[in-house]
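Residue-level listing of the chains:
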Amino acid sequence: MNYYGIVAIYRFEMGRTLRTLGQSIASPVVSTILYFIVFGSAIGSRMQSIEGVPYGAFIVPGLIMLTVLGQSVSNASFGIYFPRFTGTIYEILSAPLSFIEIVIGYVGAAASKSVIIGIIVLTTARFFVPLHIAHPLWTAFFLIMTCVTFSLLGFIIGIWADGFEKLQLIPLLVITPLTFLGGSFYSINMLPPFWHRVSLLNPVVYLVSGFRWSFYEQSDVSLITSVIMILTFTTISLAVIGWIFKTGYRLRK
């Protein structure tokens, strides 16, 4: 395996983050503060606890998921689309790098950024509500796997998109609505039976539920189901990327 090539791609992508700290780091922190002001303070003070967890603390896992899902998709999609846009993708494809090494470089950098942002959001949340993480290892597992999986999805979107507007199409019209409707700010057990069954079709429900369980041991679906679902998403994304490089889909004109 060409570790030098992987490190070169990884360092370049991480360096781009350092050049745009305002957009990469400050924006998620400001958004987190606004969410806590609106949901945690204004609304949370008027709501009872959910399954024994104060509302302000209850929304923290969902808020982290909301942030890292969007950041993972955005970072990975732009990271691979920009070389296609400038034409430098041909230099990468002609380099002695396998598609696995290219994916590790780009997806690894995008996932790393999202994990860092997730940790920053978690740290910011501690200033607003008292938090206790019951299972830190499971918290790390769900955070890392979610960032990796949706970075893979973002990589696919970056290959599929043929314009900058398409980079935001799926995140805005699909990812964000699914996250809001995936139990980020409420428990799907509070829904009527019909809408509860409909919610189970939303893949984000399983990510949020498993992540919330790692904090409070409270979940809408079983932990095993959440783990199986996220591993399934990861496998599907890897299979699609493998097909893209095998067929050259949108990689070459």
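Note that the coordinates shown come from a computational prediction; the quantities given were computed from them, not determined experimentally.

What counts and how
- Residues numbered from 1 in each chain as written.
- Predicted model: local features only at pLDDT ≥ 70, side-chain atom pairs only at ≥ 80, totals over all residues.
- Heavy atoms only, no water.
- Core = buried A, V, L, I, M, F, W, Y, C linked by side-chain atoms within 4.5 Å.
- Buried < 20%, exposed > 50% of the residue type's maximum accessible area, 1.4 Å probe, protein only.
- Helix = DSSP H or I, 4+ residues; strand = E, 2+ residues; numbered from the N terminus.
- Contact = heavy atoms within 4.5 Å.
- Patch = residues over 30% accessible without salt bridge, like charges linked within 9 Å, V, L, I, M, F, W, Y side chains within 5 Å.
- Areas by Shrake-Rupley, 256 points an atom, 1.4 Å probe, with all protein chains shown as cover.
- Salt bridge = Lys/Arg side-chain N within 4 Å of Asp/Glu carboxyl O.
- Axes fitted to C-alpha atoms, helices over the stretch in contact; angles between N-to-C directions.
- Left-handed = near helix turned anticlockwise from the far one by under 90°.
- Nonpolar A, V, L, I, M, F, W, Y, C, P; charged D, E, K, R; others polar.
- Parallel < 35°, antiparallel > 145°, perpendicular 65-115°, else oblique.
- Phe/Tyr/Trp six-rings, centres within 6.5 Å; stacked < 30°, edge-to-face > 60°.
- Lys NZ or Arg CZ within 6 Å of the ring centre and 35° of its normal.
- Expected span 1.5 Å × (residues − 1).

Focus: the nonpolar core
By size, the foremost hydrophobic cluster in this structure holds 44 residues, and its most contacted members are Val 60, Ile 64, Leu 131 and Phe 215. Put simply, the parts of the chain that give this core at least two residues each are helix H2 (21–43), helix H3 (55–86), helix H5 (99–125), helix H6 (136–160), helix H10 (203–216) and helix H11 (223–247). Among the elements that line this core, the one with the most residues is H3, at 12 residues. Sequence-distant contacts of Phe 215, that is, excluding residues within four places in its chain, are made with Val 60, Pro 61, Ile 64, Leu 122, His 132, Ile 133, Ala 134 and Thr 139. Ile 9, Tyr 106, Leu 152 and Phe 245 belong to the second largest nonpolar core, which has 16 residues in total.

A few points about a nonpolar patch on the surface
Together, Val 30, Ile 33, Leu 34, Ile 37, Val 38, Phe 127 and Phe 128 line one region of the surface with nonpolar side chains, adding up to about 660 Å² of accessible area. Relative to the elements of secondary structure, Val 30 occurs in helix H2. Owing to a relative accessible area of 47%, Val 30 belongs among the partly exposed residues under this scheme.

Some thoughts on unusual backbone geometry
Here Glu 217, not a glycine, exhibits a phi torsion of approximately 55°, which is positive. Mapped onto the secondary structure, Glu 217 falls in the loop between H10 and H11. With relative accessibility at 47%, the residue Glu 217 sits in the partly exposed group.

Section: the packing of H3 against H6
In the contact formed by H3 and H6, the axes pass within 7 Å of each other and the chain directions differ by 35°. Seen from above, H3 lies across H6 with right-handed handedness. Residues Ile 64, Met 65, Val 68, Leu 69, Ser 72, Val 73, Ala 76, Ser 77, Ile 80, Tyr 81 and Arg 84 of H3 lie in contact with H6, whose contacting residues are Phe 142, Leu 143, Thr 146, Cys 147, Phe 150, Ser 151, Leu 153, Gly 154, Phe 155, Ile 157, Gly 158 and Ile 159. When the residues that make up the contact of H3 with H6 are grouped by side-chain class, the tally is 16 nonpolar, 6 polar and 1 charged.

A look at the packing of H3 against H10
At a minimum axis distance of 9 Å, the contact between H3 and H10 shows a crossing angle of 135°. Classified by the interaxial angle, the pair formed by H3 and H10 is oblique. Every pair of crossing elements has a handedness; the one defined by H3 and H10 is right-handed. Together, Ala 57, Phe 58, Val 60, Pro 61, Gly 62, Ile 64, Met 65 and Leu 69 of H3 and Val 204, Leu 207, Val 208, Phe 211, Arg 212, Phe 215 and Tyr 216 of H10 make up the contact between the two elements. Across the contact of H3 with H10, the residue classes break down as 13 nonpolar, 1 polar and 1 charged.

Structural notes on the environment of Leu 152
Mapped onto the elements, Leu 152 comes out in helix H6. The exposure class assigned to Leu 152 is buried, which follows from its relative accessible area of 3%. Along the primary structure Leu 152 and Ile 80 are separated by 72 residues, whereas in three dimensions their C-alpha atoms are 11 Å apart. When neighbours within four sequence positions are excluded, Leu 152 is seen to be in contact with Val 103, Val 107, Thr 234, Ser 237, Leu 238 and Ile 241.

Side note on the packing of aromatic side chains
Counted by the stated rule, this structure contains 17 aromatic pairs. Each ring, one from Phe 215 and one from Tyr 216, has its centre 5.7 Å from the other, and the planes form 50°; the classification is tilted. Taken together, the ring pairs connect Phe 78, Tyr 81, Phe 82, Phe 85 and Phe 164 into an aromatic cluster. If you follow Arg 212 out to its NZ or CZ, it ends over the ring of Phe 58, 3.9 Å from the centre.

Things to note about H11
With 25 residues, H11 should cover 36 Å at 1.5 Å per step; its first-to-last C-alpha distance of 37 Å lies within 8% of that length. The set of residues buried in H11 consists of Leu 223, Ser 226, Val 227, Ile 230, Phe 233, Thr 234, Ser 237, Ile 241, Gly 242, Ile 244 and Phe 245. Buried positions along H11 lie against helix H4 (89–94), H5, H6 and H10. Looking at the residues trailing H11, positive phi occurs at Gly 248, about 75°.

Nothing here speaks to function; it is all geometry.
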